[in-house]
Amino acid sequence: MAYETITLAVDNHVALVTLNRPDALNALNDVLMTELADALKGCQENEKVRCIVITGSEKAFAAGADIAMMKDKSFVDAFAGDLFTPETDQIMRVRKPIIAAVSGYALGGGCELAMMCDFIICSETAKFGQPEINLGVVAGIGGTQRLTRIVGKSKAMDMNLTGRFMDAEEAERSGLVSRVVPVKKLMEETMSAAQKIAEKSMVSVMVVKEAVNRAYEVPLREGLLFERRVFHSLFATEDQKEGMSAFLEKREAQFRDK
Ligand code: HXC
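Residues numbered from 1 in each chain as written. Predicted model: local features only at pLDDT ≥ 70, side-chain atom pairs only at ≥ 80, totals over all residues. Heavy atoms only, no water.

> Just checking my understanding: could you explain helix α11 (residues 220-233) for this structure?
Its 14 residues give α11 an end-to-end C-alpha distance of 20 Å, which sits within 8% of 20 Å, the value for a rise of 1.5 Å per residue. All of the buried residues along α11 are Gly-223, Phe-226 and Val-230. Taken end-on, α11 shows its buried residues confined to a sector of 60°, consistent with a single buried face. Every exposed residue of α11 that faces more than 90 degrees away from the buried side is listed here: Leu-220 and Arg-221. Those residues of α11 hidden inside the fold are in contact with α10 (202-214). (Helix = DSSP H or I, 4+ residues; strand = E, 2+ residues; numbered from the N terminus. Expected span 1.5 Å × (residues − 1). Buried < 20%, exposed > 50% of the residue type's maximum accessible area, 1.4 Å probe, protein only. Arc of directions from axis to C-beta. Contact = heavy atoms within 4.5 Å.)

Structure, rendered in structure tokens:
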């Protein structure tokens with residue numbers, strides 16, 4: 001599929017998906033969401049891809065769902081059409097790690113898309129927010145749910161009720177992002193993180209993603225048991241033998257995803 005609103009490049013086992021609607025600050029419309037879901041599905045299926053990065057422009061990761069596209073929708077259009085559900089479901093089905101590289105605005109659906117990724121690295125210019133309240137609506141793809149789990153009730157209420165923006169420093173302090181870097185270093189730092197992940201055993205990488213995500217879904221006792229059992233099960237892999245042998249032989253591990 002040829003894309004109009006995103007670009008996709010795969011290099012050295014890392015897929016870089018760039019949101020590309022500069023005239024609308026990468027606002028998420030139907031076309032962009034369909035293309036993004038399609039690209040991510042392709043990355044999941046492509047054996048050459050071992051880690052995925054989603055980014056936008058220096059000015060905006062994404063300034064939210066496209067307000068022009070939504071303005072005249074009725075309740076039935078939104079509900080029966082299940083606005084954004086198939087695409088977000090598809091994004092959540094990706095088992096390979098996804099990093100969001102955020103510069104500038106990540107607002108509304110843009111902030112929510114970043115939170116759907118496995119972690120966020122942002123530049124010093126990043127601004128996160130859930131300003132839907134200013135439009136007479138509320139967040140619709142995770143702004144009241146994922147944000148609350150990540151930053152806690154007080155900040156999530158503040159962000160969703162006032163619509164104020166959070167800067168990079170506050171986002172790091174609150175645990176929303178894993179690192180803040182200078183704007184010119186954003187892609188270098190993110191691609192280097194992606195590259196490091198791409199060099200690990202894919203089996204362990206996918207297990208980490210499942211296990212950490214499980215921490216949001218199940219009680220601690222169940223999560224700990226799941227973690228222990230997947231830890232035990234990795235002793236069935238060749239990569240465990242290779243990783244531990246390489247350490248003891250003081251050499252780099254050569255993982256084969258077996
Ligand atoms: C459509 C958008 C847009 C959006 C910006 N643009 N955000 N178009 N949908 N979400 C367009 C503007 O209309 C403008 O087009 C161009 O991008 C540049 O934007 P400006 O406003 O001129 O830029 P600036 O003054 O720098 O302000 C940047 C901004 C502001 C602070 C990010 O654009 C803004 O507040 N945008 C809306 C943010 C928002 O409310 N997001 C939540 C959306 S609802 P023209 O043609 O005039 O140049 C949502 C719900 C998710 O996300 C749930 C889904 C189920």
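> Just to check I follow, could you spell out the packing of helix α1 (residues 30-45) against helix α4 (residues 85-92) for this structure?
How two helices sit against one another is set out by the angle between their axes and by the gap between those axes. At their nearest, the axes of α1 and α4 sit 9 Å apart, and the two run at 25° to each other. The pairing of α1 with α4 is recorded here as roughly parallel in orientation. For the pair α1 and α4, the crossing hand works out as left-handed. For the pair formed by α1 and α4, the contact residues are Met-33, Thr-34, Leu-36, Ala-37, Leu-40 and Lys-41 on the first element and Glu-87, Thr-88, Gln-90 and Ile-91 on the second. Of the residues belonging to the contact of α1 with α4, the class tally is 5 nonpolar, 3 polar and 2 charged. (Axes fitted to C-alpha atoms, helices over the stretch in contact; angles between N-to-C directions. Parallel < 35°, antiparallel > 145°, perpendicular 65-115°, else oblique. Left-handed = near helix turned anticlockwise from the far one by under 90°. Nonpolar A, V, L, I, M, F, W, Y, C, P; charged D, E, K, R; others polar.)

> Looking at this structure, how should I read the pattern of salt bridges?
Close approach of charged atoms allows side chains of opposite charge to pair. All chains considered together, the criterion is met by 16 salt bridges. The residue Glu-210 makes a salt bridge to Arg-95 at a minimum N-O spacing of 3.0 Å. With Glu-210 in helix α10 and Arg-95 in the loop between α4 and β5 (98-102), this residue pair connects regions lying 115 residues apart in the sequence. A salt bridge links Glu-242 to Arg-251, with the nearest nitrogen and oxygen atoms 2.7 Å apart. Sharing partners across several salt bridges, the network here consists of Lys-155, Asp-158, Arg-164 and Glu-170. (Salt bridge = Lys/Arg side-chain N within 4 Å of Asp/Glu carboxyl O.)

> Sorry if this is basic, but what is going on with the layout of surface pockets here?
Summary: where empty space remains is shown by rolling a probe the size of a single water molecule over the atoms. Taken as a whole, the largest pocket spans an internal volume of roughly 980 Å³. Lining the largest pocket are 34 residues, and of these Cys-117, Asp-118, Val-212, Asn-213 and Tyr-216 sit closest to its centre. For the lining of the largest pocket, the secondary-structure elements that each account for two or more residues are α4, α5 (109-116), β7 (119-123), α6 (146-151) and α10. When its residues are assigned to classes, the lining of the largest pocket shows 21 nonpolar, 4 polar and 9 charged. There is about 750 Å³ of room inside the second largest pocket. Ala-65, Met-70, Leu-83, Val-137 and Val-138 are, among the 31 residues lining the second largest pocket, the residues nearest its centre. Those elements that provide at least two residues to the lining of the second largest pocket are α2 (67-70), α4 and α5. Top contributing element to the lining of the second largest pocket by residue count: α4, with 4 residues. Across the lining of the second largest pocket, the residue classes tally to 16 nonpolar, 9 polar and 6 charged. (1 Å grid on protein atoms, 1.4 Å probe; cavity = no way out; pocket = protein on both sides within 12 Å on 5 of 7 lines; lining within 4 Å. Points joined across faces, edges and corners; volume = space filled by probe spheres on them.)

> Help me understand a nonpolar patch on the surface in this model?
Among the surface-exposed residues, Ile-67, Leu-135 and Val-137 lie close enough to one another that they form a single nonpolar patch of about 270 Å² accessible area. Within the secondary structure, Leu-135 is located in the loop between β8 (127-129) and α6. (Patch = residues over 30% accessible without salt bridge, like charges linked within 9 Å, V, L, I, M, F, W, Y side chains within 5 Å. Areas by Shrake-Rupley, 256 points an atom, 1.4 Å probe, with all protein chains shown as cover.)

> I keep staring at the pairing of strand β2 (residues 14-19) and nothing clicks. Help me out?
Moving residue by residue along a regular strand, the side chains alternate between the two faces of the sheet. β2 sits mainly inside the fold: 5 of its 6 residues count as buried. Across 6 bridges, strand β1 (residues 6-11) lies against β2 in antiparallel orientation. The partner of Val-10 across the bridge, within β2, is Ala-15. Across 5 bridges, β2 lies against strand β3 (residues 51-55) in parallel orientation. Residue pairing in the sheet places Ala-15 in a bridge with Ile-52 of β3. This β-α-β element, β2 to α1 to β3, shows right-handed connectivity. (Pairing = 2+ DSSP bridges. Right-handed = clockwise from strand over helix to strand, strands pointing away.)

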